[in-house]
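# Coordinate analysis (summary)
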Amino acid sequence: FYLPRIFVNLAMVPEGATNTAERDRLLLMANKLFRFMTPLGVLAVLSGLVLWLGLGIGNGQGWVHAKSLLVLGLIGSPAVTALRNLIAESIDIRMSGIAGTTRSPSYCLSRS
């Protein structure tokens, strides 16, 4: 839950020449955390799939389907945000973001 906190702090940094050091520091922190957590997330999803599909743990039980739907939602949310930002950029529309910024923090992270 630390990455969203970094995003909120990043969105609260006013744009301007005087705040580039703070913005760069927050972007660096977000990039490092994202690069560290992505392989762990992939490993967790693959382990869950092996347990469910390979070993049959939870077959026929509703909680596995509910958990799978939750995991798909958690994985799909950043993907939808990235797609929305890509579409907005391609048609040159400025999206409204957090705390009056014009781009979402995930957009800033993907562009650094």
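Secondary-structure assignment places Ile75 in helix H3 (residues 62–90). According to the relative accessible area criterion, Ile75 is partly exposed, its value standing at 47%. Along the chain, Ile75 and Val45 lie 30 residues apart, while their C-alpha atoms are 9.9 Å from each other.

Now for the nonpolar core. Leu3, Ile6, Phe7, Leu10, Val13, Leu26, Leu27 and Ala30 form the largest nonpolar core, which has 8 residues in total. Among the secondary structure elements, those contributing two or more residues to this core are helix H1 (2–12) and helix H2 (20–54). It is H1 that provides the largest number of residues to this core, a total of 4 residues. If sequence neighbours within four positions are ignored, Leu3 has contacts with Ala30, Leu33 and Phe34.

Here the chain shows a mean pLDDT of 78. Residues at 70 or above account for 79%. When mean pLDDT is taken per element in the chain, H2 scores highest with 89 and helix H4 (residues 105–111) scores lowest with 54. Across residues 98–102 the pLDDT falls below 50, and counting only partners more than four positions away or on other chains, this stretch makes 11 contacts in the model.

Reading the values: rules and limits
Residues numbered from 1 in each chain as written. Predicted model: local features only at pLDDT ≥ 70, side-chain atom pairs only at ≥ 80, totals over all residues. Heavy atoms only, no water. Helix = DSSP H or I, 4+ residues; strand = E, 2+ residues; numbered from the N terminus. Buried < 20%, exposed > 50% of the residue type's maximum accessible area, 1.4 Å probe, protein only. Core = buried A, V, L, I, M, F, W, Y, C linked by side-chain atoms within 4.5 Å. Contact = heavy atoms within 4.5 Å. pLDDT = per-residue confidence, 0-100.

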